[in-house]
Amino acid sequence: MRSPQVAWISAGDPPDSFPDIERAFSVPDGLLAAGGDLSEQRLVYAYRHGIFPWFSDGQPILWWSPDPRCVIFPERLYVSRRLRRSLRGSNYEIRFNTAFDEVIEACACDRPGQDGTWITSEMSVAYRRMHAGGWAHSIETWRQGKLVGGMYGLAIGKVFFGESMFSAETNASKASMQALCTLLIEHDFRLLDCQVESPHLISLGAELVPRRRFAAILDDACKPPERFSGWPDSPLNVRRLLA
């Protein structure tokens, strides 16, 4: 019995050259295709159809669409009493899109218990380009003028596709998550995509939804595939977000 072959995309193929997401492998979960490039057009098409790149140095670009999908519905973000007390006493300040390069660099750093990083130099360049093009954004936690946590991702239509987060101080990344979800609710976003589940995300109220349902939400919420420009210009104190 022959093993199934992963679909190969050439860099010159059109942005929509992906197989149907229902053809993704179950082992490894969600592997859909390999190859292509990280152009703006291909990335926008991929994300709005439930596909994202994830690969390590030395590998071709690998494209994934796992089933189920880990998401947070912004209005269901869980902030425990203990976390709420911690954030109120933190004096954290939230800024948006003021230090995108620093956030992606911090997210790319090796972490305890992690064998390398999937944010390769190729990925870093691509998402900086997406930031310059108005698609990718950073949510940053600052304290006393120092960046201590944050996250970045893409906003397409009414969906935010989270990519990675980091925390140099206790709960700093959770402060960014709280700020992001508050903003998403204010602007009627449907969901925050978290891609793959983790205990950290589940503790914040993340849910697993079937891939078909996730794709149906994207089909509605990402039309038209518009950029989001409603980011606050001024810093926000995290205490205000918890009020």
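Residues numbered from 1 in each chain as written. Predicted model: local features only at pLDDT ≥ 70, side-chain atom pairs only at ≥ 80, totals over all residues. Heavy atoms only, no water.

A. Here's a closer look at the sheet that holds strand 11 (residues 207–209). The 8 strands are arranged 11-5-10-9-8-7-6-12 in an open sheet whose pairing can be described as mixed. On the outer flanks of this sheet lie strand 11 and strand 12 (236–237), each paired with one strand and no other. Direction of pairing for strand 8 (residues 146–156) relative to strand 9 (residues 159–167): antiparallel, over a ladder of 8 bridges. For Ala 155, the partnering residue across the bridge sits in strand 9 and is Phe 160. Helix 3 (residues 100–108) contacts strand 7 (136–143), strand 8 and strand 9 of the sheet and is inclined by roughly 100° relative to strand 8. Along the sheet, helix 7 (residues 211–221) makes contact with strand 5 (69–72), strand 8, strand 9, strand 10 (191–195) and strand 11, crossing strand 9 at roughly 110°. (Pairing = 2+ DSSP bridges. Helix = DSSP H or I, 4+ residues; strand = E, 2+ residues; numbered from the N terminus. Contact = heavy atoms within 4.5 Å. Axes fitted to C-alpha atoms, helices over the stretch in contact; angles between N-to-C directions.)

B. Local environment of unusual backbone geometry. The residue after Val 27, namely Pro 28, is reached through a cis peptide bond having omega -5°. Locating Pro 28 in the fold gives a position in the loop between strand 1 (7–9) and strand 2 (31–35). Residue Lys 223 is joined to Pro 224 through a cis peptide bond whose omega torsion reads -10°. A positive phi angle, close to 60°, is found at Asn 97, a residue other than glycine. By the secondary structure assignment, Asn 97 is in the loop between strand 6 (93–96) and helix 3. Residue classification places Asn 97 among the partly exposed positions, given a relative accessible area of 24%. (Buried < 20%, exposed > 50% of the residue type's maximum accessible area, 1.4 Å probe, protein only.)

C. Seen up close, the pattern of salt bridges. Taken as a whole, this structure holds 11 salt bridges when the rule is applied. For the salt bridge of Asp 101 with Arg 128, the shortest nitrogen-to-oxygen distance reads 3.4 Å. Of this pair, Asp 101 sits in helix 3 while Arg 128 sits in helix 4 (residues 121–132); the two residues are 27 residues apart in sequence, bridging distant segments of the chain. What makes Asp 101 partly exposed here is its relative accessible area of 34%. With a relative accessible area of 27%, Arg 128 lands in the partly exposed category. Residue Lys 223 pairs with Asp 219 through a salt bridge whose shortest N-O separation is 3.3 Å. (Salt bridge = Lys/Arg side-chain N within 4 Å of Asp/Glu carboxyl O.)

D. Fine view of the sheet that holds strand 3 (residues 52–53). Strand order across the open sheet formed by 4 strands is 1-2-4-3, with mixed pairing between neighbours. This sheet does not close on itself; its edge strands, each paired only once, are strand 1 and strand 3. Pairing geometry for strand 2 and strand 4 (residues 62–64), over 3 bridges, is antiparallel. The residue of strand 4 that forms the bridge with Ala 33 is Trp 63.

E. View of the confidence of the model for the chain. Here the chain averages 94 in pLDDT, while 95% of its residues score no lower than 70. Across residues 112–116 the pLDDT falls below 50, and counting only partners more than four positions away or on other chains, this stretch makes 2 contacts in the model. (pLDDT = per-residue confidence, 0-100.)

F. Main features of the nonpolar core. Judged by nonpolar contacts, the single largest core of 52 residues is most densely connected at Trp 63, Tyr 127, Tyr 152 and Phe 161. If sequence neighbours within four positions are ignored, Phe 161 has contacts with Tyr 47, Arg 48, Gly 153, Leu 154, Ile 156, Asp 193, Phe 214, Leu 218 and Cys 222. By size, the runner-up hydrophobic cluster in this structure holds 35 residues, among which are Leu 77, Ala 172, Leu 236 and Leu 242. (Core = buried A, V, L, I, M, F, W, Y, C linked by side-chain atoms within 4.5 Å.)

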